[in-house]
Structures are given as C-alpha cells and as structure tokens.
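# Secondary and tertiary structure notes
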Amino acid sequence: MADLRINLAGIQSPNPFWLASAPPTNSGYQVQRAFEAGWGGAVWKTLGEPILNVSSRFAAVSFNGQRVAGFNNIELITDRPLEVNLKEIAETKKKFPNHTIIASLMVEPKQEKWHEIVKKVEAIGVDGLELNFGCPHGMAERGMGSASGQVPELVEKQTYWVKEVAKTPVIVKLTPNITDITVTAEAATRGGADAISMINTINSLAGVDIDTWNTIPHVAGKGAHGGYCGPAVKPIALNMVGECARNPHINVPISGIGGISSWRDTVEFLLMGATGVQVCTAAMHHGFRIVEDMIEGLNNYLDDKGIASVMDIVGKSVPKYSDWGNLDLNYKIVARINNDICINCNKCHIACEDTSHQCIDMLKAANGESILQVREEDCVGCNLCSIVCPVDGAIDMVELPNELPPMTWNERQAALGTMACDADIIKR
Amino acid sequence: MSTVKQSRISYDHIATNFQEVHPGLSNREAIEEANRCLYCYDAPCITACPTGIDIPTFIKKIASGNVKGSATTIMTANPIGASCSRVCPTEELCEGACVLNHSTKPIMIGNLQRYATDWAMKNDQILFKAGKKNGTSVAIIGGGPAGLSAARELGILGYDVTIFEAAEHAGGLNTYGIVSFRLPKEVSFWEVKQVESVDVTIKTNTKVGVDISVREILDNYDIVILAIGMSSVPNLGIEGEDLQGVYDAIEFVKQTKTHPITDEFLGKKIVVIGAGNTAIDGATCSVRLGAENVKILYRRSLEEMTAYDFEYEFAKQDGVEFRWLTAPLRIIGDDHGNVRAIECIKMELTEAGEDGRRKPIPVKGSEFVLEVDAVIKAIGQSRYVSLIDEMNLEHDGGVVKINENTYQTSNKKVFACGDVIFGKGQGEAMVVSAAQQGKKTAYAIHQMFTKTANETA
Ligand SMILES: Cc1cc2nc3c(=O)[nH]c(=O)nc-3n(C[C@H](O)[C@H](O)[C@H](O)COP(=O)(O)OP(=O)(O)OC[C@H]3O[C@@H](n4cnc5c(N)ncnc54)[C@H](O)[C@@H]3O)c2cc1C
Ligand SMILES: Cc1cc2nc3c(=O)[nH]c(=O)nc-3n(C[C@H](O)[C@H](O)[C@H](O)COP(=O)(O)O)c2cc1C
Ligand code: SF4
C-alpha cells in the first residue's frame, strides 16, 4: 500500500483527490458525503456575496453517443448566505479533522473586502484559501472572477491583499481564458501566492438548437457564454499545468484541475507537475463513488511500479516538456502496418492519401488478399494513420535508427548564426 | 436420422472439442463494453446477483484500467467469481436486470467479469490476506463452491480453517462436474489457490466417514460446516441398468476432466435421460466425444425442463435432439452385456397437481425401441444420507434442515450450506447460490462468536 498523502504548500491531505469548488461542494451535507466516499479534500463552493442564479444552467456535449464529453455551465458562485456556509464548514471540519477543507473566495477587487472575508473564513478554521480569479461569466461582469483574473496586476494586487492577513496557505485559481497563463501565474507568485490551481472553465457555448435557433442552454429564449469543463478540456489544462511547472519563475506547487475523471488522468497531472488534483465534472456525472477506483487505481499503479509515495511522481515528466525549438529534427519514426492484425477498413490509407503524405499503398498480396503497406521513405511520421486505426496493434510507429547526430532547431539556428557571423567576418 | 452439426465439432481432434467454447473478450471489446455501462446508482444488476457483486464498480474499474481492482471487487463479493462468470445463468440474473434491456441491449456482465478475473489469473494475483488468528477452529466438510466460499470469508476473519475434501482436488463440481468447454478446471484451481492464500488448510483425498471419522471432526473443532453437496445420479429403477454402456452423467463428465479424451464414442448413438444442467452437460459432452447422434429423453415437456435457456440453446446448436414426453422402460443388452437399445414409452401430462406441476403418465400402447450404444443417466443427484445420519442431523430425504437465517443445523455446532441444503422442486442448484450461502454461513458463525465475546466481556 503506497503512501497517498500529499502536502501542497503546507496543506496536508490524506490523498491527492479533492473536489473542485463547484456544485458538489455546495453544502456540508454534500462535502461530508464526499469525505465518507473517500475524497481527501474539498474546495468549498466559492464564497462571496450570495448571488442569484438563473434556471437552466448546465449543458453537455455528447460525442458520438458518449455523454458528457464536455460540460458547460452558466452558474455563478454560492447562492447561500456566508454564515450558513461557515457554520457548515465548521461542522464538517469537526467531523472530518483529517480531511482538507479549502475555502474558495471571490469578492470585489477592494482591499478591505478581501481582508474582511479572509478573517471571517479563517476564524472558523479552514486548511487554506483559494482565490477564484477564474469564473468566466456573471461575476466577471461585476469586475470579479476572470475579469480580474485576466489582468496580471489585479491578480498580483489582490493576492497581496489576501496575504496581508491570511494565516493559512493561499492558492490562486487561474482562468484559462488568457493567451499565456504563465503571466498570471507569475503575477500570483509575485503577490505571494503559496500555490496556484488551474484551470477554471473555458468560455464556451455548448450548442445551438437547430430547430428553435435557441442557444443551449437558454434562459427564456436567451443565452450567454458559459464555462467549459469535463474530459474535453483535459489536454488544455494539462498543457497549462505543464507550462507553469516548467517555468523557472513559478516556484509554487500546483493543484491540477480540468477534465480529470480517473486515476490515470490524475497520474498524468501529477507527472506533469501537479501536487494534487481537483475534480468537478466527473463527480457530477457519476457521483462521489468514483473516488474509490481513483484511490485504488492510483495505489495499484504505485505499488506495481514499486513507488512508495505519491509525492515521488510529482513533476517527473516536467523535464521532458520543453519548447519546440529543443526537439531533435533528426529523430525519425515511420508507420508500419501489421497485416495479420489489420482488418482492412482502409481508414489509414484514405487519411494519409487525402490529408497527409500519400504513402500508404493498397496492394494485393501474392495470395490475392488485400494488404496495406507504408512506403517508409515517404512517411513523415505524423501518426495520423495510427490515430485513425480502430484496431490495437495494427499500426506501430517505429523508431528508425538516427542516421544523423541529434540536432534541434535552436542548435541549427545557433550553428547557422555562427556561420553567418563567420561569413560576415570573411566579407569584411 | 440427422447427424450432429459438423461445424463446431472436430472428429479428427476430439480433444480440441473440450477447449473452452468462448474465447473471452479481447482488450478492446472489454474496454468498449465497459464504457457502454451506465454505471447506474443502486443498480438492479447488483440486487440480481445472489452474491451482490458491485457490478457497476467492477466494470468502471475495467474502463479505467484498474483491472486488479476490478478482480478484487468481484472476488470480494464472490469467492467463486471466476467460475461464476462462466456458468451463471446471467440472462436470468445480472444481465436480465440490466436497465439497458429497456433501451438497447444489456451489458455483457458475465463476459466482463470473466475478463477481469482472467486477467488476475494470468497475472498470478493473490487478492486477499488472512486475518489475525482469533483462536477458533472450523472444520469444513467438502471443498466445493459452498465450502470454499465459507472458508475464504472465515480465513479473512481470522478463523483456523481446515477443509476436508474427498476428491484429489478441491473445487467440487466446478472442478469435476461442469464440462471443460464451459469451465476449465484451471479456473476452479485458481479459486482454490485464493482460498489457500488466506491460510486455509485443505486436506484432499480425505473422505469424512471413511478416511477420518465423523466423531474425530466433531470432537476436535469448535465449529463444523457441512458442504458435501449432492451425491451421484440415482438409479432409474429399470431393467438393464448394470449393462456395459450405462453411465452416471456426472461420472461421465468427470472422466473427460480427469482422463485423456477417449475416442470410444466416435460415431456412437447415445441417449441421455433427464433435462437439467447435468443432462445438457452429458449430452454436449457426448457430441464432443464424436457421437453420431445424441438424444435427450425427458418424460415431461420443454416447459418443465429445468435446464436454462442458454443451455438448451447451446445443446441445440450442438445438434442434440430432444424427445419430450418420453420415458425409458428398459435398457436392452446384446450377448456381451453391452447396451444395444432402449425401450421407451410416450407420456402425457395431467392437469397441474398440488405442487403446480403437471404429472406425466404413460400413454398405453405407445412403447417403442431406440437403437443405442450408450445410455447416460442424468435424472438429478442422490444424497449422502448415511453421512448425514451418522452426524445425527435432522434432514428431509437427505436435504439437511437449517435455520434459514443462521444456516445452523439441528446440532448447534454444525452448519450446512450449498447443495446439501438444496430442497427439491426448486429448479436447478447454482454455483452462485452455493457461494453466497457459504459467505452467509461464515458471517453467521462470526456473529455468533462476536456476540458471545461481547456478552462475556
Ligand atoms: C453437470 C452439472 C452441471 C452444472 N452446471 C451448472 C451451471 O452451469 N451453472 C450453475 O450455476 N450451476 C451448475 N451446476 C450446479 C452446481 O455445480 C452446484 O450447485 C454447486 O457446485 C454446489 O456447490 P457445493 O459446494 O454445495 O457442492 P459440490 O460442488 O458438489 O461440492 C461438494 C464437495 O464435497 C466433497 N465431499 C462430498 N462428500 C464428502 C465427504 N464425505 N468428505 C469430504 N468431502 C466430501 C465433494 O468431493 C465435493 O468436492 C451444475 C451441476 C452439475 C452436476
Ligand atoms: C456548474 C459549475 C460550477 C462551478 N462553479 C465554480 C465556482 O463557484 N468556483 C470555482 O472556482 N470554480 C467553479 N467551477 C469550476 C470548477 O471548479 C473546475 O475548475 C472546472 O469545472 C474544471 O474541472 P472539471 O473538468 O473536473 O469539471 C464550476 C464548474 C461547474 C461545472
Ligand atoms: S438534477 Fe434535476 S432534479 Fe436535481 S436540481 Fe437539477 S434539474 Fe432539478
């Protein structure tokens, strides 16, 4: 049994699985049920001035019959009075002293407002704070959430105000609705953040009803953009976590969020630099019970690899994540088709023929059977054929021996640069 | 006279006919099927499984790639879960309850269960650990599904468990009675190994009442569990039963699971008498041994047949012929004492009697003779009455009487579970019910001891 405990900026948790600030953490009843099911922590539904919500709030995107490939919402922060939330946080903490409770906060960008809420929340005993600079709708119109999360100066300043009074670790939750998340991440660390979490939801419109021409969802015939999350956003979130993890100016732990539904997704986020993860959509789709498999699967994974503690895998893939300019231009892979496994759907052929490099031939073998063959000299190793192939093991992408020494774009440019200089010198 | 279907059966390599019929799901099939599961909450499939396996959870774990966890979920609820994935009548149990029956088609729960347990088997997984010893000793008589299941739970709870098993290997009918092409004995052996891994001692080749006395067991153990199942197929009570070529179906199947496959039935004509699990296994076994024609004779009709629909289908696909409303009168031998023919009589059904079953009565003058080379008796199983009597337990024709909540027999220190308590007229006995009864017996014993411990404390 591996040690699943984590320590994120001094915040202890029995395991890396937290519920993200969202409907699953709306009340004490829910968070207590979640802890009973095995969740290690919960980031309470964002506290602030209670708001009014609209009815018809969520929509999901199905992909070819798979439900909830992506999830969209136009819900705002908590709609319950602060006092009620605080009372339930206190009760929950008392019942589950070893579980992690983080209070998510959002107030107007004013120093006294931040001081006031931080003091109130810390007075009842939480393990940390998460500043919600990410909500992309509703609150942004009031100058909060992603409206302040998109302005690095506001992120820094507000984090600083919180740190002026906070006694518990402060996590800054970042919005992905920005060109370069490392800029706001850096701003948060300058403001004194103890950790950062990402991502909040991505601006989205789930769909349009082609019969009524209404947006999905619509509120009495009108729609507004919402926030996108769920499995579809995982690659976006994973990149943002990786970019922050490998940035030398961002030296705080990361809580990974976005599309995490299983122990495998979790392992990926941890390897890419997250110290723990937060989950919302997967819990909303299936209930709190999914955490049992997450815990057991992670534990079995670590045991199989002989790794004693989950903290030992944090960031292990980060050194492998770099810039395009550092990739070896002389590395070569090609596709190879195993005709004994191939079921002859010809999808690889048409994908390559129409949209890549026209190097998969449809041939007849000596015995008259149809076979597919890659002309390796023309294959650029794009992976497309193996991606569209429906059968495991029918197409292998194989490494060819490197004929030339490794050479990256940056090395090449540097070499060309010196040559150019030499040429200049010769000219002179 | 029609011959059996050629396609599924090889006559050149009879032994290959005894390999498992279904190959099991490929990785891809398993992943696709697992992802089709809705992961219902409070799912009806769980309730429909007699052992209450948390089916959505084990399927979710296949989807997530946590196959070890999946196997653990299955085997925790059902210590015989690998065998059950192959022999349970799933369309009447879990799959029959799947909510997708109402919209698309049910999840292949049995096949997914097999996928996960096969993985654990192939990867030599040991899934459970013995509990801290609590000093109480339990003797279990019979190492079939019921005995093994009780032993596994008691081992985990810390009891000192010894199984006494008459046969060379444990596993009961799973090892010897259910045909290899449905249940290879290696699957049963793996389950036995899981039981041994929780510190259970299994004494094989030890028949209670012969190799060790009943008294010795009753005196030396704190608790005794009787899980001996049922005995051999009873006699038909007709002339010619001791001719060469008359077989007990269970013994017949056992031969194919313990000896090299024989070619002595190639091209032969065989009749099987009865229409339960055992008859189907006897008949399909005969087909696979290369018999030219196999008939099942049953004195009632299709409706009363106790074999499951999937078994009936399976037998039909194997080319087995069914002769309903036909009863044997006598078996006719040749000069060498070998079976030559069987004389039968047509039956008709009366109005339903008190037990709701219609009684078959002979139709006068409808006698006829079938030329056959062998007769397989499969009219149920008799009971180990003498052992039960020797143990001084109350019983009803060999069906041991128990308290339905505690599985306790008329002797407070003796419990009973599995086929040995399976009453008459309840359809067919199932492996999965035997497994569940074993579990419940273990819990009842544990409750009895924790209760007394609490009372004395
Ligand atoms: C041919 C056949 C096909 C079947 N097919 C199916 C099927 O497809 N699906 C299904 O669910 N069920 C099926 N069944 C029923 C199922 O096999 C039984 O219900 C189940 O095995 C009962 O388990 P048990 O542990 O009570 O008894 P058994 O499996 O009979 O085990 C009893 C054990 O006790 C041992 N024993 C007996 N006497 C003594 C003694 N004096 N001392 C020591 N050991 C002793 C025996 O050797 C045996 O190992 C089938 C049964 C038969 C006969
Ligand atoms: C309905 C809904 C409401 C949410 N409300 C909040 C919120 O109040 N505060 C917050 O910080 N994030 C909120 N989020 C964002 C989630 O915490 C999380 O960052 C996001 O859903 C990505 O994770 P997921 O892909 O696991 O869902 C909300 C998400 C959803 C779906
Ligand atoms: S889940 Fe359904 S029932 Fe529950 S609040 Fe939402 S719309 Fe209403």
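This is a predicted model, so every value here is computed, not measured.

### A look at the interface of chain A and chain B
With 14 residues of chain A in contact, the opposing surface of chain B contributes 13 residues. Buried area between chain A and chain B, both sides added, is near 1300 Å², and the carbon and sulfur share of it is 38%. Across the chain A-chain B interface, the total number found is 3 salt bridges. Its salt-bridge partner being Arg28 of chain B, residue Asp392 of chain A comes within 3.1 Å of it at the nearest N-O pair. Our enumeration of links across chain A and chain B arrives at 13 residue pairs in polar contact (both at pLDDT 80 or more). When residues of the side of chain A that touches chain B are assigned to their parent elements, the largest contribution, 6 residues, is made by helix α10 (residues 290-305) of chain A.

### Some thoughts on the site of ligand 2
Residues and elements named next belong to chain A. In the region of ligand 2, 24 residues are neighbours, and Ser21, Thr46, Lys173, Gly259 and Thr281 sit closest. One nitrogen or oxygen atom from the main chain of Ile199 is found 3.0 Å from an oxygen atom belonging to ligand 2. For ligand 2, an oxygen atom lies 2.5 Å from a polar atom in the backbone of Gly259. Across the complex, the protein chains shield 99% of the 610 Å² of accessible surface that ligand 2 would expose by itself. Breaking the shell around ligand 2 down by element, the ones donating at least two residues are β4 (41-47) and β6 (66-73). Taken together, the residues of the shell around ligand 2 break down into 11 nonpolar, 10 polar and 3 charged.

### With respect to unusual backbone geometry
Each neighbour pair has its own omega, and for Met198 of chain A with Ile199 of chain A the value is 10 degrees, a cis peptide bond. Within the secondary structure, Ile199 of chain A is located in the loop between β10 (195-198) and β11 (202-204). A cis amide bond links Ile216 of chain A to the next residue, Pro217 of chain A, at an omega of -5 degrees. Tracing the sequence through the fold places Pro217 of chain A in the loop between β13 (215-216) and β14 (226-229). Positive phi, close to 50 degrees, is recorded for Asn64 of chain A, a residue that is not glycine. Judged by relative accessible area, which is 72%, Asn64 of chain A ranks as exposed. The backbone of Tyr39 of chain B shows a phi angle near 60 degrees, a positive value even though the residue is not glycine. Within the secondary structure layout, Tyr39 of chain B lies in the loop between α1 (27-36) and α2 (44-48).

### Focus on the domain arrangement of chain A
Domain assignment breaks chain A into domain 1 (6-320) and domain 2 (324-399). One C-alpha centre belongs to domain 1 of chain A, the other to domain 2 of chain A, and the line joining them spans 41 Å.

### Some words on the site of ligand 1
All names here are of chain B. Around ligand 1 lies a shell of 35 residues, among which Val87, Glu165, Arg182, Asp419 and Val431 are the nearest. About the coverage of ligand 1: the protein hides 96% of its 1000 Å² of free accessible area. Of all the elements in the fold, those that place two or more residues in the shell around ligand 1 are α8 (145-156), α13 (277-288) and α16 (431-456). Ranked by residues supplied to the shell around ligand 1, first place goes to α13 with 3 residues.

Parameters at a glance
- Sequence order sets the numbering: in each chain, residues are counted from 1 along the sequence as written.
- As a convention, the first chain written is A and the first ligand written is 1, with the rest following in written order.
- It should be noted that, the model being predicted, local features are given only for residues of pLDDT at least 70 and side-chain atom pairs only at 80 or more, the latter also being counted only at that level, while totals for whole chains, interfaces and linings use all residues.
- Only heavy atoms go into the side-chain values, all of them from the structure, while hydrogens and water stay out.
- Here, two residues are considered to be in contact whenever any of their heavy atoms come within 4.5 Å of each other.
- Take the accessible area each of two parts loses on contact, using a 1.4 Å probe, and add the two losses: that sum is the buried area.
- By salt bridge we mean one thing: a side-chain nitrogen of Lys or Arg within 4 Å of a carboxyl oxygen of Asp or Glu.
- A 3.5 Å cut-off defines polar contacts: any pair of N or O atoms within that distance qualifies, except that in protein one atom must be a possible hydrogen donor and the other a possible acceptor, and neighbouring residues in sequence count only when both atoms are side-chain atoms.
- The helix and strand labels rest on DSSP assignments: H or I over at least four residues marks a helix, E over at least two residues marks a strand, and numbering proceeds from the N terminus.
- We call a residue near a molecule or strand as soon as one heavy atom of that residue lies within 4 Å of the molecule or strand.
- Surface accessibility follows the Shrake-Rupley procedure with a 1.4 Å probe radius. Residue values consider only the protein chains on display as shielding.
- Each residue gets one of three labels, nonpolar for Ala, Val, Leu, Ile, Met, Phe, Trp, Tyr, Cys and Pro, charged for Asp, Glu, Lys and Arg, and polar for the others, Gly among them.
- Note on classification: 1.4 Å probe, protein chains only; a residue is buried when its accessible area is under 20% of the maximum for its type, exposed when over 50%, partly exposed between these limits.
- In this document the domain limits rely on a domain assignment from an automatic tool or a database.

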